[in-house]
Amino acid sequence: MNVQSYGFVLILLVTGCARVAPYERETLARRDMQLGQNPDLVAGEEHGLAYREGSSGGGDAKAGGCGCN
Amino acid sequence: MSSALYARTDSNATTVWSPRVRVAGAVDDTYGVEAAVALDAWTGASIDVTTAATKAIHEVRKEVTSGGYYAFADLTVSGGYRYSTEPDYRSHGGIGNLTLDLANDNTTLVLSLFGSRDDVGRAGDPSFRRPQRTIGGRLSITQLLSQASFLQLAWETTGIEGYQASPYRYVAIGGDGTCASPAPLCVPEHVPEQRLRNAAIARVRHAFGEHVSAGLDYRFYFDDWGLSSQTIAPDLALIVSERGTLALHYRYYTQREADFYQPRYLEASDATGFVTRDRELSAMYSNRIGLGYLHTCALGKGGTVLTTALRTGLIRYKYLAFVGLDHVDALEGTLLISLDHR
């Protein structure tokens, strides 16, 4: 199975999920259910992690420059 | 308008203060703009500095960012620019995003492209200038799974070309592995000029009842320097009052060293290959536990909401093969105050 096949199966799996109507999203809209943290709240942490670990990627903040602290 | 102050101190004599102010505004329902200013003031006497036999350093990085978005029916286009400068480093960067809502907003696809051009310098040596270019992309899909849960999958690839060593770091060939003590030979750090980095991310979140939710983030990272890592980060959020939310975080991180990393380079022939004294390229793991509290309240009847938040964490980095440093313990925290007027 090649990469395209895995991608196709993944899309089928994800889009095959139950539909949630807008009026059924009260729980999903709750303040504790937000996927991304406030970017200002985590910017310092994520910038620090990027320069203390050998890996990076996947964070919400895209801070730049060295700031190699 | 939002302002935040990040502070960090660790057992390796590094202290960081990083204030940040951001202003954002929606012109109408379809487009908006934002701008932010941040400082990153740090003082360090880290192992990198001491093994290079230099003094403790103090430096300030300044960063300005701006951005905007335009929303069509199911498509939002957004982008941003960032400029960052410090005495020995300058960086220009940009990002563009396409966000597509599908299946009546049950599925969200986001494609991001980003890049930067950096100039690496060396304090006290104006003739030292080395370029570094970065370009990358990220694709993510967020899917509602039920009325109380959702899943996000993402892939990110970044290519870096140019100077990626530290102009201050020297590597001992022979001796005890550090240049602080007499070593037969000390050479500048030398690492490959190209690096391709990849990360696969999965995040899931589920609500339990009316006041509790839990999330789990997982990331697998690998690059062509031979470094790979895994990150697992569960969290628990509790609505403790009408206005307050409490969050507990845990993060475990582990990485394998880069192919060319060695704690000690013993042979004279090592000096002609890639050599590094960068502990971020060594085998290591870390544990972080954190606590956060967020409080919102309406100010008057004019639609202004005040948000205050505090997020703190304790981290231990454990180095498995780095001469002169076994672990670093750190305490960090961010205080946020935000005013939103609708």
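The structure we're discussing is the one just above.
Described in the following lines is the structure provided in the data block. (Residues numbered from 1 in each chain as written. Chains lettered and ligands numbered in written order. Predicted model: local features only at pLDDT ≥ 70, side-chain atom pairs only at ≥ 80, totals over all residues. Heavy atoms only, no water.)

Let us look at the overall build of chain B. On a plain count of helices and strands, chain B comes out with one helix and 18 strands. For 342 residues, the compact-globule estimate of 2.2 N^0.38 gives 20 Å, and chain B sits close to it at 23 Å. Seen along its three principal axes, the alpha-carbon backbone of chain B occupies a region of about 70 × 35 × 35 Å. Buried positions account for 45% of the 342 residues belonging to chain B. Taking as baseline every contact in chain B between residues at least 6 positions apart, the subset at least 24 positions apart corresponds to 55%. Counting only carbon and sulfur atoms, one obtains 63% of the accessible surface of chain B, whose full area is about 16600 Å². Taking the average place of the 32 positive charges on the side chains of chain B and the average place of its 37 negative ones, the gap between the two points comes to 4 Å. (Helix = DSSP H or I, 4+ residues; strand = E, 2+ residues; numbered from the N terminus. Rg over C-alpha atoms; globule rule 2.2 N^0.38 Å. Buried < 20%, exposed > 50% of the residue type's maximum accessible area, 1.4 Å probe, protein only. Contact = heavy atoms within 4.5 Å. Areas by Shrake-Rupley, 256 points an atom, 1.4 Å probe, with all protein chains shown as cover. Lys, Arg positive; Asp, Glu negative; His and termini not counted. Charge placed at Lys NZ, Arg CZ, Asp CG, Glu CD.)

Attention now moves to the state of the cysteines. Residue and element names in this part refer to chain B. Scanning the model with the defined rule gives one disulfide over all chains in all. Put simply, Cys-179 and Cys-186 are joined by a disulfide, and their sulfur atoms are 2.0 Å apart. The S-S bond linking Cys-179 to Cys-186 shows a torsion near -125°; that makes this disulfide left-handed. We classify Cys-179 as buried; its relative accessible area is 17%. Residue classification places Cys-186 among the partly exposed residues on the basis of a relative accessible area of 34%. (Disulfide = S-S within 2.5 Å.)

A few words on the environment of Asp326(B). All names here are of chain B. Residue placement: Asp-326 occurs in the loop between strand S17 (304-319) and strand S18 (327-341). Counting along the chain gives 42 residues from Asp-326 to Met-284, while the straight-line C-alpha distance between them is 9.8 Å. For Asp-326, the residues in contact, after removing those within four places along its chain, are Tyr-317, Lys-318 and Tyr-319. In this structure the side chain of Asp-326 is engaged in a polar contact, spanning 2.9 Å, whose partner is the side chain of His-327. (Polar contact = N/O pair within 3.5 Å; in protein donor to acceptor, adjacent residues only side chain to side chain.)

Turning to the pairing of strand S5 (residues 75-86) of chain B, a few remarks are in order. Residue and element names in this part refer to chain B. Of the strand pairs in this sheet, strand S4 (residues 57-71) and S5 are connected by 10 bridges, and their pairing is antiparallel. Residue pairing across strands places Thr-65 opposite Arg-82, the latter belonging to S5. With antiparallel pairing between neighbouring strands as the criterion, S4 and S5 make up a hairpin whose turn holds three residues. Pairing of S5 with strand S6 (residues 89-102), which is carried by 12 bridges, proceeds in the antiparallel orientation. Residue pairing in the sheet places Thr-76 in a bridge with Thr-99 of S6. Taken together, S5 and the strand that follows it, S6, pair antiparallel across an intervening segment of two residues. (Pairing = 2+ DSSP bridges.)

Looking now at the packing of aromatic side chains. Residues and elements named next belong to chain B. The full count for this structure, using the stated rule, is nine aromatic pairs over all chains. Look at Tyr-31 and Tyr-70: their rings are 5.9 Å apart centre to centre, the planes differ by 20°, and that puts the pair in the stacked class. Within this pair, whereas Tyr-31 is found in strand S3 (residues 31-44), its partner Tyr-70 is found in strand S4, the two being separated by 39 residues in sequence. Here Tyr-70 falls in the partly exposed class, since its relative accessible area comes to 39%. Both rings, one in Tyr-252 and one in Tyr-285, keep their centres 6.3 Å apart while their planes meet at 40°; by these two values the pair is tilted. Here Tyr-252 is found in strand S15 (residues 244-256), whereas its partner Tyr-285 is found in strand S16 (residues 284-299), with 33 residues between them in sequence. (Phe/Tyr/Trp six-rings, centres within 6.5 Å; stacked < 30°, edge-to-face > 60°.)

On to unusual backbone geometry. Negative phi is the rule for most residues except glycine; trans is the rule for most peptide bonds. Residues and elements named next belong to chain B. We note that Ala-13 has phi near 65°; this positive angle belongs to a residue other than glycine. Among the secondary structure elements, Ala-13 is positioned in the loop between strand S1 (2-10) and strand S2 (15-26). Residue classification places Ala-13 among the partly exposed positions, given a relative accessible area of 45%.

Attention now moves to the environment of Leu236(B). Here Leu236(B) lies in strand S14 (residues 228-239). Residues Leu236(B) and Gly215(B) lie 21 residues apart in sequence; the distance between their C-alpha atoms is 6.5 Å.

Residue and element names in this part refer to chain B. Side chains of S1 alternate between two faces, with Ser-2, Ala-4, Tyr-6, Arg-8 and Asp-10 buried and Ser-3, Leu-5, Ala-7 and Thr-9 left unburied. Bridge count between S1 and S2: eight bridges; the pairing is antiparallel. Bridged to Leu-5 within S2 is Pro-19. Counted between consecutive antiparallel strands, the loop separating S1 from S2 contains four residues, among which Ala-13 sits at a positive phi close to 65°.

All names here are of chain B. In this fold, Gln-164 is placed in the loop between strand S9 (149-162) and strand S10 (170-173). Polar side-chain contacts of Gln-164 include one of 3.2 Å to the backbone oxygen of Glu-193. In this view, Gln-164 contacts Gln-132, Val-191, Pro-192, Glu-193, Gln-194, Arg-195 and Trp-225; residues no more than four positions away in its chain are not counted.

So, on to a nonpolar patch on the surface. Residues and elements named next belong to chain B. The grouping of Val-27, Tyr-31, Tyr-70, Phe-72, Val-77, Leu-98, Leu-111, Leu-113 and Leu-139 at the surface amounts to a nonpolar patch, some 810 Å² of accessible area in total. By the secondary structure assignment, Val-77 is in strand S5. Since its relative accessible area comes to 33%, Val-77 is described here as partly exposed. (Patch = residues over 30% accessible without salt bridge, like charges linked within 9 Å, V, L, I, M, F, W, Y side chains within 5 Å. Salt bridge = Lys/Arg side-chain N within 4 Å of Asp/Glu carboxyl O.)

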